[in-house]
Amino acid sequence: MLVLTRRPGESVMVGDDVVITVLEVRGDVVRLGIRAPRSVPVHREEVFLELRAANQEAASSSEDAVEALSRLIGSDGEKG
Amino acid sequence: MSLEMSAQSAEAQAAAAGETLPTIEFVSPMPGFPGRTSFVLVRLDQVGLLNSLRSVDDPELRLITIAPHQFFPEYAPEIDDETIAALGTTDPSQLLVMLIVTAGSSVRDSTANLMAPIVVDPTTMRAAQCVLTGSNLPVRAPLG
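Remember, it's a predicted structure, so these values are computed and weren't measured experimentally.

Enquirer: Looking at this structure, how should I read the interface of chain A and chain B?
Expert: In many analyses, interface size is given as the accessible surface area lost on bringing the parts together. Between chain A and chain B, the contact holds 30 residues from the first and 38 residues from the second. Among the salt bridges present, the one from A:Glu57 reaches B:Arg140, with a minimum N-O distance of 3.0 Å. Where chain A meets chain B, there are 5 residue pairs in polar contact (both at pLDDT 80 or more). Looking at the side of chain A that touches chain B, the elements with two or more residues in it are α1 (45–59) and α2 (63–79) of chain A. At 12 residues, α1(A) tops the list of elements feeding residues into the side of chain A that touches chain B. The class makeup of the residues in the side of chain A that touches chain B is 14 nonpolar, 8 polar and 8 charged.

Enquirer: When you look at the side chain of B:Thr111 in this model, what are you seeing that I'm missing?
Expert: All names here are of chain B. Here Thr 111 shows up in strand β6 (residues 111–112). For Thr 111, a relative accessible area of 14% translates into the label buried. The residues contacting Thr 111, other than those within four sequence positions of it, are Ile 100, Val 101, Thr 102, Arg 140, Ala 141, Pro 142 and Leu 143.

Enquirer: What should I look at first to understand the environment of B:Arg62 in this one?
Expert: Residues and elements named next belong to chain B. Among the structural elements, Arg 62 can be located in strand β4 (residues 62–66). The buried category is assigned to Arg 62, whose relative accessible area is 6%. Once the C-alpha coordinates of Arg 62 and Ser 52 are considered, the two residues, 10 residues apart in sequence, prove to be 6.8 Å apart.

Enquirer: Just checking my understanding: could you explain the sheet that holds strand β1 (residues 11–14) of chain A for this structure?
Expert: Residue and element names in this part refer to chain A. Read from one edge to the other, the open sheet built from 3 strands follows the order β1-β2-β3, with strand pairing classed as antiparallel. A strand with exactly one partner marks an edge of an open sheet, and here the two such strands are β1 and β3 (29–35). On average, each strand axis in the sheet is tilted by 25° relative to the strand beside it, whichever way the strands run. Bridge count for strand β2 (residues 18–26) against β3 is 7 bridges, and the pairing is antiparallel. Looking across to β3, one finds that Val 25 is bridged to Val 30.

Enquirer: Mind showing me how you'd approach the pattern of salt bridges here?
Expert: A side chain of one charge can pair with a side chain of the opposite charge if their charged atoms are brought near each other. Tallying each qualifying case throughout the model produces 5 salt bridges over all chains. A salt bridge links A:Arg31 to A:Glu24; the shortest N-O distance between them is 3.3 Å. The exposure class of A:Arg31 is partly exposed, given its relative accessible area of 47%. The partner of B:Asp58 in a salt bridge is B:Arg36, with the nearest N and O atoms 3.9 Å apart. Linking B:Asp58 in the loop between β3 (50–55) and β4 with B:Arg36 in the loop between β1 (23–26) and β2 (38–43), this pair joins segments that are 22 residues apart in sequence.

Reading the values: rules and limits
Residues numbered from 1 in each chain as written. Chains lettered and ligands numbered in written order. Predicted model: local features only at pLDDT ≥ 70, side-chain atom pairs only at ≥ 80, totals over all residues. Heavy atoms only, no water. Contact = heavy atoms within 4.5 Å. Salt bridge = Lys/Arg side-chain N within 4 Å of Asp/Glu carboxyl O. Polar contact = N/O pair within 3.5 Å; in protein donor to acceptor, adjacent residues only side chain to side chain. Helix = DSSP H or I, 4+ residues; strand = E, 2+ residues; numbered from the N terminus. Nonpolar A, V, L, I, M, F, W, Y, C, P; charged D, E, K, R; others polar. Buried < 20%, exposed > 50% of the residue type's maximum accessible area, 1.4 Å probe, protein only. Pairing = 2+ DSSP bridges. Axes fitted to C-alpha atoms, helices over the stretch in contact; angles between N-to-C directions.

Have a look at this one:
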């Protein structure tokens, strides 16, 4: 891991087009500004990990479960 | 008929009729599916409550989505300006919102991701999984 020391207002470049700027340091909280192209998603790590797990779990839903869901939605649709 | 068969027959019917199935293009990959940005959108019922998204590059990768209103009538996500710009949207009211469903062993165990809906611009056919940062909405909200 590359370890850098930066002061508020200073930035780090990641590749050609991602800029991470230290905006403020207050106590044990650091505020960062991140400028990246739209094709580069930026997430808090814990949010990314949670979404990745949920997405992968959703992609492996069993056929039986999906079928049950389909029936439920179909029958509710008929009622409505 | 299983949903898998429904999905395949919907795809097959469209192909037989010479129709091009709508393909949506994610402006950036969804977390967990790096490099997968093109998905075929297949409507699995008459009114578009249930859809399937199948990766063009990885046909084994399929997600099921629901329209929010049947299960979460109060759901009204605020899509941030950056996402709207990335989608090339001129009229945000036209955006199609879909929730990724994780189907559990029963419908009661099934959940929908309210924190990160998929939004699709029906004009540009661009899509994004929009993270509603700070919303405190659940990633796994029970359907039952």
